[in-house]
There are 2 protein chains.
Amino acid sequence: MRKVAIVATGITKFDKSERPLDMIMLSAVKKMFESGKNLEQHDIDAVLASTNANRNYIANIISELSGIKPKISHSVESLCNSGTNSLVSAYAYVSSGLADVVLVVGADKANNPGLVLNWDMSRGEYTHPIFWSSMFTSAHMRKYGTSLEDLAYVSVKNHDNALSNPDAFFDKSFSFDDVMKSKNLTENVRLLDCSMPCDGAAAILVCSEEKARKITDTPVWISGIGQQTTSASFTKNNDLSSMESTRHAVTQAYNMSGKTADDVDVVELHDAFSICEIIGLEEMGFCKKGEGSKLVRSLYDTCDKKINPRGGLLGAGHPLGATGIAQVVEVCRQLGGSAGKRQVPAAKTGLVHNMSAGATSSTVLVLES
Amino acid sequence: MRKVAIVATGITKFDKSERPLDMIMLSAVKKMFESGKNLEQHDIDAVLASTNANRNYIANIISELSGIKPKISHSVESLCNSGTNSLVSAYAYVSSGLADVVLVVGADKANNPGLVLNWDMSRGEYTHPIFWSSMFTSAHMRKYGTSLEDLAYVSVKNHDNALSNPDAFFDKSFSFDDVMKSKNLTENVRLLDCSMPCDGAAAILVCSEEKARKITDTPVWISGIGQQTTSASFTKNNDLSSMESTRHAVTQAYNMSGKTADDVDVVELHDAFSICEIIGLEEMGFCKKGEGSKLVRSLYDTCDKKINPRGGLLGAGHPLGATGIAQVVEVCRQLGGSAGKRQVPAAKTGLVHNMSAGATSSTVLVLES
C-alpha cells in the first residue's frame, strides 16, 4: 500500500455573507494552491467536493473554475462528516493507485440543508439537533454527575482558543457568566453550548509519497483511519451517555496507526455541542469514562490548547461540509509548526474526530508529521 | 494491489410511480442480497449511495433500513455518471484495503434535480440537455454526413432490445416511421431520440478476491477503469462532433486492462440521446471516426445485440443516479451468462460507458468474467 500525505492546505474566514458557495469554495482552493511549492493545476488528477448544498455537479464546476481537468470528480455527502468522508475517499484513490494527487474541498453556507435531518422529522422524531444534544447532556448528567458548569468550561475554553484563530467565526471571548446565562434553548442546552452554522470552506491536497516530496518539505502523513456508522437516527444508540460510533472509529484508527491516546499531541474534536467534547474525550481514551468533565476543567485551568486549539466548532463555527476538512487543515498546520499563536509545542501526532447526526457516524484520523 | 470483483447485483423495474426514493433503493438492495450466496448484512463494511436527490444522509438511512452497520457510508453525486463514480470509489476502497465488501446503490426519481444543470442556466447558456444534444447532432451531421435516418436506427434498435429486458421502462417497439415522425423538440432532436427520465434503482456488491469466492461462483472482475473530466459545461468542448472525455477515459481503461475494442464482447453505452451512441462507438474504437452511423445500421441489420442489449438509456429509461450502476448490472449478467433472452453469446469481456452533462465527464470500465 502506498503512503498517503497531505501537502497543501487552504481555508477561508468563517462568517456569514452574501458570497455564493462556488466563490467560497474557490477561495479555499486558491489559498491551497498558494501553500504548495511548484503546484499547478495539471498536477491534480481528482477533485472531491464535500458539501450539503443541493448543487449538482459542483466538483466539476469547481474544477472548471479552478482550471483543473481531473480524471475523477464528484461530490460527497454525509451531513456533518462529509469532509472527512471525502478525505478518506481521497486516501483510497491514492492508496489504490487510481490517483496521485487529489484536491479535497468542502464548503457550506449557514442556510444550506443538513442542519436538520428531514428523515427524523418525517418520522415525527426530532426537528433539530439541539434535541439530541439535550438528551445526550441529560443522560451524561444522570450517569456521571456532569454539571452545567462543566459544560460551560468547554464553551469558554473553545471560544477563548478561537481568539488566536483569525479564520474563526467568533472573535470575542465569553465569560462563565455569559455561558451560564445564555439563552436556554432546550433542557440543559444553552445557546453558547451550540456551534454556529456559518459560511466557510477548506481545501487540502492529498497525494502519494512520490508526489509529496515535490510539493512540500513538511508533508503530513495519514497513518490511521477509522470510520463507523451505527444508524441514521440517534435513537438506535443504546446508551445516550456514550458515542458508540466514535469508540469504534477511534479503535480502528489507533490500530491502523499503532498509536494510542498517550501518543497524541493535538486533537480536533467534533464539539458540535459542549457535551460532545466531554463524551468525545472519554470515548477516544483521553480519560476514563465519566471523567471528561474533570479533564476539560484541567485543560482550561492549565491553559492547555491540546484539544481544539483553533476553537473547535464552538469557537470557529460549523459550515457543515467544510468542518471535517477545516479540522484536518488545523492539525496539518499544528504538525507543520505553522499554527501561529495557537501552536501546540512540538506537536508530532494529531487526531481528527468528525461526526454526524447524533454521533450515528464518526470518522477518526491519525495524522503524523 | 488487490483484485476487485462484483459478486451480486439487484435492479428494480424502471417506471414512474409514487414510491419514495428510499423504498426504490431498498428494493434494489433486497434483490442484490437475494442474488448473493450466504450474504449477510454484517459482511458489508461500506455503503455508497449514488443519487441526484437532495436527500441528506441517504447512505446512512439506507444502511439503517437494510440492517447494515457499515464503517464507511456516504453519497456520491456527479449528475448522470454518479453511478460509475460510486463504483470507482468502491473499487478504490477495496483495492486500498480500507474495505472488503462495498454495497453500491443508485437511484433517482423522474422529477429529481439533475436533468438540467442550473449552473449553465445561471450563465444564460442552456436550459435543457436537448440543446447540447442538438448541437452535437448537427455538428456530426455537418462533418460526417450523419442523417436523421441514421439516428432513427439507434432509437429503433435500442427500443427493440428493451423488449427482452423486463426491467425496461419501455415495453413496446417503435418503427422507423414512429421515430422519424416523433415530435421535433429542437433542431435534429426528436422525442424518440431522447432517453426518458424515470424512477429506478440498481445495486451491486463490490469486494476483494478473498471475499468474492465466498459469495459467488461467477465473480466479475473490474480490470480497467478510466475517468476524465474536461469541464462542467459542454461549451468548453472544442469539437462538438466528438466526446473528448470519453476518448480519454476509454484509453485509460484499455491501458489498465490490456484490452482493446476488438476484445470487447458486450457494451453498455451512454445513449442519453441517439447521437451519443454514434459518437460513443467512434470514440471507443468500435469503428473509425465518422463511421458510427454505418456501424449502427450494421448492428441493426444483423440483429447484433452487442451494443446496449438491455435497451440502453433510450429503451430502458434513465433514472440518473441508477443508470451507471444499472449498466454495470447488465454487463455482469451478460458475463455471467444470466441475461436471458438478451444474452450475448459467450460474452467474456464487457465495457461500460457512463457520462454526464454534454460529455463533460466520462467513466469507462472494463469488466471481465
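Residues numbered from 1 in each chain as written. Chains lettered and ligands numbered in written order. Predicted model: local features only at pLDDT ≥ 70, side-chain atom pairs only at ≥ 80, totals over all residues. Heavy atoms only, no water.

- Per an unreviewed UniProt entry, the recorded name for chain A is Propanoyl-CoA C-acyltransferase, and the organism is Nitrosotalea sinensis.

1. Regarding the overall build of chain A
Okay, so step 1: When you go through chain A residue by residue, the secondary structure sums to 13 helices and eleven strands.
Okay, so step 2: Over its C-alpha atoms chain A spans a radius of gyration of 19 Å, differing by no more than 12% from the 21 Å that the globule rule assigns to 369 residues.
Okay, so step 3: Each principal axis of the C-alpha distribution contributes one length, and for chain A these read about 55 × 45 × 35 Å.
Okay, so step 4: In chain A, which comprises 369 residues, the proportion classed as buried is 67%.
Okay, so step 5: Taking all contacts inside chain A whose residues are at least 6 apart in sequence as the whole, residues at least 24 apart take part in 78%. (Helix = DSSP H or I, 4+ residues; strand = E, 2+ residues; numbered from the N terminus. Rg over C-alpha atoms; globule rule 2.2 N^0.38 Å. Buried < 20%, exposed > 50% of the residue type's maximum accessible area, 1.4 Å probe, protein only. Contact = heavy atoms within 4.5 Å.)

2. As for the interface of chain A and chain B
Okay, so step 1: Contact with chain A, which involves 53 residues of that partner, is made by 53 residues of chain B.
Okay, so step 2: Roughly 4200 Å² of surface becomes buried between chain A and chain B when both sides are summed, with 53% attributable to carbon and sulfur atoms.
Okay, so step 3: Considering only the surface of chain A that becomes buried against chain B, Asn56, Tyr57 and Glu64 of chain A emerge as the three largest contributors, covering 19% of it.
Okay, so step 4: On inspection of chain A and its partner chain B, the count reaches zero salt bridges.
Okay, so step 5: Put simply, chain A and chain B have 31 residue pairs in polar contact (both at pLDDT 80 or more) between them.
Okay, so step 6: For the side of chain A that touches chain B, the secondary structure elements donating two or more residues are α2 (58-66), β3 (72-77), α3 (82-96), β8 (220-229) and α9 (244-257) of chain A.
Okay, so step 7: Per-element accounting of the side of chain A that touches chain B gives the leading share, eight residues, to α3 of chain A.
Okay, so step 8: As judged from the three bridges shared by β3 of chain A and strand β3 (residues 72-77) of chain B, these two strands associate in the antiparallel manner. Within β3 of chain B, the position partnered with serine 75 of chain A by the bridge is glutamate 77 of chain B. (Buried area = accessible area lost by both parts, 1.4 Å probe. Salt bridge = Lys/Arg side-chain N within 4 Å of Asp/Glu carboxyl O. Polar contact = N/O pair within 3.5 Å; in protein donor to acceptor, adjacent residues only side chain to side chain. Pairing = 2+ DSSP bridges.)

3. Some thoughts on the pairing of β3 of chain B
All names here are of chain B.
Okay, so step 1: Counting buried positions along β3 yields six of six residues, so the element is predominantly enclosed.
Okay, so step 2: Judged by which residues are buried, β3 turns out to be covered on both faces: Ile72, His74 and Val76 on one side and Ser73, Ser75 and Glu77 on the other are all buried.
Okay, so step 3: Strand direction decides the pairing type here: strand β2 (residues 46-50) and β3, joined by five bridges, are parallel. Along β3, the bridge assignment pairs serine 50 with valine 76.

4. A few points about unusual backbone geometry
Okay, so step 1: The phi torsion at asparagine 308 of chain A lies on the positive side, around 60 degrees, for a residue other than glycine.
Okay, so step 2: Here asparagine 308 of chain A is to be found in the loop between α11 (292-301) and α12 (312-316).
Okay, so step 3: Relative accessible area serves as the criterion here: at 0%, asparagine 308 of chain A is assigned to the buried category.
Okay, so step 4: You will see that tyrosine 57 of chain B, though not glycine, has its phi angle at about 65 degrees, which is positive.
Okay, so step 5: Checked against the element boundaries, tyrosine 57 of chain B lands in the loop between β2 and α2 (58-66).

5. Quick notes on the relation of the copies chain A and chain B
Okay, so step 1: Superposing chain A onto chain B takes a rotation of 180 degrees combined with a translation of 0.0 Å along the rotation axis, leaving an RMSD of 0.0 Å. The transformation relating the two chain copies, once decomposed into turn and shift, fits a two-fold axis.
Okay, so step 2: In this assembly the copies share their binding face: 100% of the residues contributing to the interface of chain A also contribute to that of chain B. (Least-squares fit on C-alpha atoms with pLDDT ≥ 70 in both.)

6. Focus on empty space enclosed by the protein
Okay, so step 1: Under the definition given, this model contains eight cavities of 30 Å³ or more.
Okay, so step 2: Approximately 230 Å³ is the volume attributed to the largest cavity.
Okay, so step 3: Surrounding the largest cavity, 18 residues form its lining, Ala53 and Glu77 of chain A together with Ala53, Asn54 and Glu77 of chain B being those nearest its centre.
Okay, so step 4: Breaking the lining of the largest cavity down by element, the ones donating at least two residues are β3 of chain A together with β3 of chain B.
Okay, so step 5: Tallied by class, the residues present in the lining of the largest cavity amount to four nonpolar, ten polar and four charged. (1 Å grid on protein atoms, 1.4 Å probe; cavity = no way out; pocket = protein on both sides within 12 Å on 5 of 7 lines; lining within 4 Å. Points joined across faces, edges and corners; volume = space filled by probe spheres on them. Nonpolar A, V, L, I, M, F, W, Y, C, P; charged D, E, K, R; others polar.)

7. Let's talk about the packing of aromatic side chains
Okay, so step 1: In the structure shown here, the tally under the stated rule is 14 aromatic pairs over all chains.
Okay, so step 2: Relative to phenylalanine 176 of chain A, the ring of tyrosine 153 of chain A lies with its centre 4.6 Å away and its plane at 65 degrees, an arrangement referred to as edge-to-face. Of this pair, tyrosine 153 of chain A sits in helix α6 (residues 148-162) while phenylalanine 176 of chain A sits in helix α7 (residues 176-180), placing them 23 residues apart in sequence.
Okay, so step 3: Its relative accessible area of 25% is what places phenylalanine 176 of chain A among the partly exposed residues.
Okay, so step 4: Between tryptophan 132 of chain B and phenylalanine 273 of chain B, the ring centres sit 5.3 Å apart and the planes meet at 85 degrees, which makes this aromatic pair edge-to-face. Taken together, the residues tryptophan 132 of chain B in helix α5 (residues 129-144) and phenylalanine 273 of chain B in the loop between β9 (266-268) and α10 (274-283) connect sequence positions 141 residues apart.
Okay, so step 5: Since its relative accessible area comes to 11%, tryptophan 132 of chain B is described here as buried.
Okay, so step 6: With a relative accessible area of 6%, phenylalanine 273 of chain B lands in the buried category. (Phe/Tyr/Trp six-rings, centres within 6.5 Å; stacked < 30°, edge-to-face > 60°.)

8. Some remarks on the packing of α3 of chain A against helix α13 (residues 320-335) of chain A
All names here are of chain A.
Okay, so step 1: Running from N to C, α3 and α13 cross one another at 60 degrees; their axes reach a closest spacing of 5 Å. With respect to each other, α3 and α13 are oriented oblique. Within the contact between the two elements, α3 uses Ser82, Gly83, Thr84 and Leu87 and α13 uses Gly321, Gly324, Ile325 and Val328.
Okay, so step 2: Of the residues that constitute the contact of α3 with α13, the class distribution is three nonpolar, five polar and no charged. (Axes fitted to C-alpha atoms, helices over the stretch in contact; angles between N-to-C directions. Parallel < 35°, antiparallel > 145°, perpendicular 65-115°, else oblique.)

9. As for the pattern of salt bridges
Okay, so step 1: Inspection of every chain in the model, using the stated rule, returns 34 salt bridges over all chains.
Okay, so step 2: Residues aspartate 217 of chain A and lysine 37 of chain A are paired through a salt bridge, measuring 2.9 Å at the closest nitrogen-oxygen approach. One end of the pair, aspartate 217 of chain A, is in the loop between α8 (209-215) and β8; the other, lysine 37 of chain A, is in the loop between α1 (21-35) and β2 (46-50), with 180 residues separating them in the sequence.
Okay, so step 3: For aspartate 217 of chain A, a relative accessible area of 65% gives the class exposed.
Okay, so step 4: Between glutamate 283 of chain B and arginine 247 of chain B there is a salt bridge whose closest N-O contact spans 3.1 Å. With a gap of 36 residues between them, glutamate 283 of chain B in helix α10 and arginine 247 of chain B in helix α9 (residues 244-257) connect regions that are remote in the sequence.

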